[in-house]
Amino acid sequence: MAFPLLLLHLFLHLTLLVFFQSIYQIIKKMGAAKQTDLACISEGEGSSCVEQHAIIEAAPIVSSYNEKIRPLLDAIDKLRSLKVMEEGIQLPTIVVVGDQSSGKSSVLESLAGISLPRGQGICTRVPLIMRLQHHSSPEPEFRLEYNGKVEHTDEVNIADDIVNATNVIAGGGKGISNTPLTLLVKKNGVPDLTMVDLPGITRVPVHGQPEDIYDQIKDMIMEYIKPEESIILNVLSATVDFTTCESIRMSQSVDRAGDRTLAVVTKADKAPEGLLEKVTADDVSIGLGYVCVRNRIGDETYEEARAISQQLFQTHPLLSKIDKSMVGIPVLAQKLVQIQASSIARNLPDIVKKINDKLSSCLLELNKMPKKLSSVAEAMTAFMQIIGSSKETLRKILMRGEFDEFPDDRRMHCTARLCEMLNQYSDQLHECEESDPKSNFLVEEIKILEEAKGISLPNFVPRNAFLVILQGKVKGISSIPTGFVEKVWSYIEEVVMSVLMHNTENYYQLQVCTRRAGHNLITRMKERSVEWMMEIVEMENLTDYTCNPEYVSECSRLMGQQGTFLQFVLSKQYSKISVEGIGEVEVGVLWQYPQVLSQAFDLKMRMTAYWKVVLRRLVDCMALHLQLSVSKLVNQDMESEIVNELMGPNCGGGIEKMLEESPAVAIKREKLIKSIKKLRDSKEVVAKILDGVGT
């Protein structure tokens, strides 16, 4: 299958390459035609040039419309209407930005040949997607699309209808909304363009506007101009210093070199002084150049305004010095068409690839989702699979030490973590004060012997003295075993719940029952372990016993030093003595107890040897109990506990509840299905372009 797929990809690549090469040739011809037109205008001599110029003026704003470019624009517009950008696929877009009162509406009116809403404050309160289409019919068509509705309008009422639609979207106040409004203009002579007009930038809110109106507008503008595919049409007034314009600051923040920014300078007739220097010095880095225009005034028709503008830039002593390739609405329209076509041709191959990749990703994700259960039998099968999978995973990580399912999650390498906990528990027992034989060496033993003495034969160590010392030591460490039990079961609960929640994440009702069952079961097992551990501690506290031969050998080894020890102490020449198996001990305080010194040493050595046995028992028993408990949990108790919980009254419906998808899963499934439909429709749109190449 790989080879046919490779051939298919190669064919698509070559097809797109041929197609876009033809588009670039069209764009080059458009540019060459434009240069010829401008040369005739600048010469102003010769009947042929004059006649040609007259023809141009009578023609539409952009006369080089070509039938091969229109499908590209239609395809992008269709993709935009399908909201493919919601899938993270950016589209080539001309974004119109400008400070309030910069003349932005006048520029758009001149391009579209229609009247847009005018008034004080922000006129554009929603993103206005203007789709301009050259229409051969003398009868124009106008249409508004918003909130899933389509409304037809006419040239007389279009401004009012835009206001009404805006009020529906953003409310009747002066606030703004990010929900777009699409205006389709099919009219003879308009350039084939799609632009997004955004609210004018204002820093000071007027009455009725929210206090953060500037931040809202800025966020909206940044969302549209940030993508690399966006072309920024920055509208600047000739009456202001360009460097102070807020729209320039915003565009520079995302396009510092200006490679995708085109500037339109309005109101050229209001401030002609220094305008030539402004647009040639380019202090604000406008990479795609400047176009200077005169705004339409009063009741001028668009044709009259265009003729006056042409006359102005030809005869004005200052404005006539500006290169003719930088003045007038026709020049602006020509540049926008060329830039837009180039951008679409450049970005469309990547858009096609992104649509295919995203579609494959969504299909894969949908296929990974659990099958929607339709019967109790299917639910029971799914339940048994979940339980079986959970048990096998827990056997691997808790019992066999296999962690291939969680290679990078050290927390789920359970046998290693349990071993570490057990070693820490053992270290804690051996390092506590009760396990330090050097601490107050023989002092406690002497005190106990003094209080345990009775009328009896001398040189016998009273057993009750041994038990008193043992009980004190056991009491001192009694909190350590129970603390370890709490800690280890908390870890086991975390692991078990993690596995169960992962395996039941697609079945909300089962997950609820499983979470409750798992928590209840582990709570009971933890309580049993604590009780069992307390019994072990209580047994150690009750009496002394061991059949471990190591006790006898260790005790004999330690007692073998008794004679030497007594000799050194009673000589009173040494304040410290090294005792094998104990270490260096202080003995100066023992000089005053010569009568009980032998018994105290005997008692100490026996306790030292026996205490090692006690600690080993506490660790070994805990290790065995832990392994047995985990085995019972995984192999026996967990499944029955979950089944009982699922079938019990708390779950209200038992296995049938699995037929109900969790809200999160249902939302995810619905979202994926919608995305897949949207992407398939988008794929059909771009496929039609490729089909057009073949024909």
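All of these numbers come straight from a predicted model, not from anything done at the bench. (Residues numbered from 1 in each chain as written. Predicted model: local features only at pLDDT ≥ 70, side-chain atom pairs only at ≥ 80, totals over all residues. Heavy atoms only, no water.)

## Quick notes on the overall build of the protein
Helices and strands together make up the secondary structure of the protein, namely 20 helices and 11 strands. The 695 residues of the protein split such that 48% are buried. Put simply, of all contacts in the protein between residues at least 6 apart along the chain, 78% involve residues at least 24 apart. (Helix = DSSP H or I, 4+ residues; strand = E, 2+ residues; numbered from the N terminus. Buried < 20%, exposed > 50% of the residue type's maximum accessible area, 1.4 Å probe, protein only. Contact = heavy atoms within 4.5 Å.)

## Some words on helix H13 (residues 443-452)
Along H13, the residues classified as buried are Glu-445, Ile-446, Ile-448, Leu-449 and Ala-452. Considered in projection along H13, the buried side chains sweep an arc of 165 degrees and stay on one side of the axis. The outward face of H13, more than 90 degrees from its buried face, is lined by the exposed residues Lys-447 and Glu-451. The inward-facing, buried residues of H13 abut helix H14 (463-477) and helix H19 (597-647). (Arc of directions from axis to C-beta.)

## Observations concerning the side chain of Lys-324
When you line up the elements, Lys-324 lands in the loop between helix H9 (302-315) and helix H10 (329-368). Although Lys-324 is buried, it forms no salt bridge, and the closest oppositely charged side chain is Asp-323 at an N-O distance of 7.3 Å. A distance of 3.0 Å separates a polar atom in the side chain of Lys-324 from the backbone oxygen of Ser-320. (Lys, Arg positive; Asp, Glu negative; His and termini not counted. Salt bridge = Lys/Arg side-chain N within 4 Å of Asp/Glu carboxyl O. Polar contact = N/O pair within 3.5 Å; in protein donor to acceptor, adjacent residues only side chain to side chain.)

## A word on a nonpolar patch on the surface
Nonpolar side chains collect at one region of the surface, where Met-380, Met-384 and Met-647 lie side by side and expose about 270 Å² of accessible area between them. Along the chain, the position of Met-380 falls in helix H11 (residues 376-400). (Patch = residues over 30% accessible without salt bridge, like charges linked within 9 Å, V, L, I, M, F, W, Y side chains within 5 Å. Areas by Shrake-Rupley, 256 points an atom, 1.4 Å probe, with all protein chains shown as cover.)

## With respect to the environment of Asp-154
Relative to the helices and strands, Asp-154 is located in the loop between strand E4 (149-153) and helix H5 (158-170). Residues Asp-154 and Val-185, spaced 31 residues apart in sequence, show a C-alpha to C-alpha distance of 9.8 Å. Within polar-contact distance, the side chain of Asp-154 engages the backbone nitrogen of Val-156 at 3.1 Å.

## Concerning the confidence of the model for the protein
When pLDDT is averaged along the protein, the result is 84; 86% of the residues meet or exceed 70. pLDDT under 50 marks residues 1-9. Its contacts with residues more than four places away, or in other chains, come to zero contacts. Within the model, the stretch residues 30-59 combines pLDDT values under 50 with 23 contacts to residues more than four positions away or in other chains. (pLDDT = per-residue confidence, 0-100.)

## A few points about the packing of helix H15 (residues 479-503) against H19
The N-to-C vectors of H15 and H19 enclose an angle of 35 degrees; their axes lie 12 Å apart at closest approach. When you trace H15 past H19, the crossing you get is right-handed. When H15 is examined against H19, the residues Phe-484, Val-485, Val-488, Trp-489, Ile-492, Val-496 and Leu-500 are found in contact with a partner set consisting of Met-622, Leu-626, Ser-629, Val-630, Leu-633, Met-638 and Ile-642. Residues belonging to the contact of H15 with H19 are distributed by class as follows: 13 nonpolar, one polar and no charged. (Axes fitted to C-alpha atoms, helices over the stretch in contact; angles between N-to-C directions. Left-handed = near helix turned anticlockwise from the far one by under 90°. Nonpolar A, V, L, I, M, F, W, Y, C, P; charged D, E, K, R; others polar.)

## Focus: the sheet that holds strand E2 (residues 128-134)
Paired through their backbone hydrogen bonds, the strands of a sheet run either parallel or antiparallel. If you trace the nine strands from one edge of the open sheet to the other, you get E4-E3-E5-E2-E6-E1-E7-E8-E9, paired in mixed fashion. Pairing within the sheet leaves two strands with one partner each, and these edge strands are E4 and strand E9 (290-292). Strand-to-strand twist across the sheet, computed as the mean angle between neighbouring axes with direction ignored, equals 20 degrees. Across seven bridges, the pairing between E2 and strand E5 (residues 181-187) is parallel. Residue pairing for E5: Arg-131 is matched across the bridge by Leu-184. The strands touched by H5 are strand E3 (141-146), E4 and E5; relative to E3, the strand with the most contacts, the crossing angle is about 5 degrees. (Pairing = 2+ DSSP bridges.)

## A closer look at the nonpolar core
Ranked by size, the top nonpolar core spans 93 residues in total, and within it Tyr-425 and Phe-565 carry the most contacts. If we ignore the near neighbours within four places in the chain, the residues touching Phe-565 are Phe-441, Leu-442, Ile-577, Val-579, Val-587, Leu-590 and Phe-601. Judged by nonpolar contacts, the second largest core, of 39 residues, contains Ile-114, Val-126, Val-264 and Val-331. (Core = buried A, V, L, I, M, F, W, Y, C linked by side-chain atoms within 4.5 Å.)

## Topic: the packing of aromatic side chains
The description of an aromatic ring pair rests on the distance of the ring centres and on the angle between the ring planes. Per the counting criterion, the structure on display carries seven aromatic pairs. Look at Tyr-425 and Phe-484: their rings are 4.5 Å apart centre to centre, the planes differ by 15 degrees, and that puts the pair in the stacked class. One end of the pair, Tyr-425, is in helix H12 (residues 414-431); the other, Phe-484, is in helix H15, and 59 residues separate them in sequence. For the ring pair Phe-568 and Tyr-574, a centre distance of 5.0 Å and an interplane angle of 90 degrees mean the geometry is edge-to-face. Note on Phe-568: relative accessible area 33%, which makes it partly exposed. Ring pairing ties together the aromatic residues Phe-441, Phe-565 and Phe-601, which thus form one cluster. Cation over ring: Arg-203 sits above Tyr-214, and NZ or CZ is 4.3 Å from the ring centre. Taking the ring centre of Phe-242 as reference, the NZ or CZ of Lys-278 above it sits at 4.8 Å. (Phe/Tyr/Trp six-rings, centres within 6.5 Å; stacked < 30°, edge-to-face > 60°. Lys NZ or Arg CZ within 6 Å of the ring centre and 35° of its normal.)

## Overview of the environment of Val-587
Relative to the helices and strands, Val-587 resides in the loop between strand E11 (583-586) and H19. You can call Val-587 buried: its relative accessible area is 0%.

## Focus on the environment of Ser-230
For Ser-230, the position within the fold is in strand E7 (residues 230-237). Judged by its relative accessible area of 3%, Ser-230 falls in the buried class. Spatially, the C-alpha atom of Ser-230 lies 6.7 Å from that of Val-95, the residues being 135 residues apart in sequence. Among all residues touching Ser-230, those that are not within four sequence positions of it are Thr-93, Val-95, Tyr-224, Ile-225 and Arg-260.

## Some details on unusual backbone geometry
A positive phi angle is found at Ser-101, which is not glycine, with a value near 70 degrees. Structurally, the position occupied by Ser-101 is in the loop between strand E1 (93-98) and helix H4 (104-112). Positive phi values are uncommon outside glycine, yet Asp-282 reaches one of about 50 degrees.

## Observations concerning the pairing of E4
With five bridges connecting them, E3 and E4 associate as antiparallel partners. Bridge pairing in E4 links Phe-142 to Thr-153. In this structure, the hairpin formed by E3 and E4 is closed by a connection of two residues, where Asn-147 is found at a positive phi of approximately 50 degrees.

## A look at the side chain of Ser-237
Turning to its location among the elements, Ser-237 is positioned in strand E7. A polar contact of 2.6 Å, which involves the side chain of Ser-237, links it to the side chain of Thr-239. Excluding anything up to four places from it in sequence, Ser-237 contacts Ser-102, Phe-242, Val-265, Thr-266 and Lys-267.

## Brief notes about the packing of H14 against helix H16 (residues 508-542)
Between H14 and H16, whose axes approach to 8 Å, the crossing angle comes to 160 degrees. If you check the angle between H14 and H16, you find them roughly antiparallel. Judged by residue contacts, Leu-470, Gln-471 and Val-474 of H14 engage Val-537, Glu-540, Asn-541 and Leu-542 from H16. Partitioning the contact of H14 with H16 into residue classes produces four nonpolar, two polar and one charged. (Parallel < 35°, antiparallel > 145°, perpendicular 65-115°, else oblique.)

## Digging into the pattern of salt bridges
Under the defined criterion, the tally for this structure stands at 39 salt bridges. A salt bridge links Asp-269 to Arg-294; the nearest nitrogen and oxygen atoms lie 3.9 Å apart. Here Arg-294 lies in the loop between E9 and H9 and Asp-269 lies in the loop between strand E8 (261-266) and helix H8 (275-281), a separation of 25 residues in the sequence. Overall, the relative accessible area of 10% leaves Arg-294 in the buried class.

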